[in-house]
Amino acid sequence: MRQSVAPSRISHAASLASQANNAAATSRLQEKKKEFEAVAALERASTLFLKRIEGLADDCEVMADAGQVHGQVLEQWPLMFQSLSLFLNSREQHLGDDTVPLTGERLVRVPLDELQADAPKQP
């Protein structure tokens, strides 16, 4: 008796279907790999961007601190001009008086203890 060819036809059709499924799965796997690589590249770029922004934030904080110091220095200028004006006025008053030499030298007490105590408090 002759063997039937129907089982081999079925197995041949099944192998063709499995090859088509394998090709579709391989294609889908390649797409997922590309998608994963794109997401990884985006994450690396985001990390680099974050580091740059943090650097800018640090620079801005330094500039803000420098602005405060600059403001403190500028705040002292009127006092300096006032002191110079007082000195010049007193010098003009004593120009006729030869007993007191006016060289502009005066002893000034600088409170070092207070300055050193305030230094740790300032940022």
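Placed above this text is the structure.
Residues numbered from 1 in each chain as written. Predicted model: local features only at pLDDT ≥ 70, side-chain atom pairs only at ≥ 80, totals over all residues. Heavy atoms only, no water.

**Q** Can you help me understand the overall build of the chain in this one?
**A** Each helix and strand counted, the chain has 2 helices and 0 strands in total. As displayed, the chain has an accessible area near 11,700 Å², and 60% of this comes from carbon and sulfur atoms. (Helix = DSSP H or I, 4+ residues; strand = E, 2+ residues; numbered from the N terminus. Areas by Shrake-Rupley, 256 points an atom, 1.4 Å probe, with all protein chains shown as cover.)

**Q** Explain the packing of aromatic side chains to me, please; I cannot follow it from the model alone.
**A** Given two aromatic rings, one states the distance between the centres and the angle between the planes to describe the pair. Considering all chains together, one arrives at 1 aromatic pair under this definition. Relative to phenylalanine 81, the ring of tryptophan 77 has its centre 5.6 Å away and its plane inclined at 35 degrees; by these criteria the two rings are tilted. Taken together, the positions of tryptophan 77 and phenylalanine 81, both in helix H1 (residues 6–93) and 4 residues apart, correspond to about one turn of that helix. When its relative accessible area of 38% is taken as the criterion, tryptophan 77 is described as partly exposed. (Phe/Tyr/Trp six-rings, centres within 6.5 Å; stacked < 30°, edge-to-face > 60°. Buried < 20%, exposed > 50% of the residue type's maximum accessible area, 1.4 Å probe, protein only.)

**Q** For this particular structure, what's the right way to read a negative patch on the surface?
**A** There is a patch of like negative charges on the surface, built from Glu54, Asp58, Asp59, Glu61 and Asp65. Assignment of secondary structure puts glutamate 61 in helix H1. (Patch = residues over 30% accessible without salt bridge, like charges linked within 9 Å, V, L, I, M, F, W, Y side chains within 5 Å. Salt bridge = Lys/Arg side-chain N within 4 Å of Asp/Glu carboxyl O. Lys, Arg positive; Asp, Glu negative; His and termini not counted. Charge placed at Lys NZ, Arg CZ, Asp CG, Glu CD.)

**Q** Even after reading the chapter, I still don't get the side chain of serine 90, so can you show me in this structure?
**A** If you trace the backbone, serine 90 turns up in helix H1. Its relative accessible area of 18% is what places serine 90 among the buried residues. A distance of 2.8 Å separates a polar side-chain atom of serine 90 from the backbone oxygen of phenylalanine 87. (Polar contact = N/O pair within 3.5 Å; in protein donor to acceptor, adjacent residues only side chain to side chain.)

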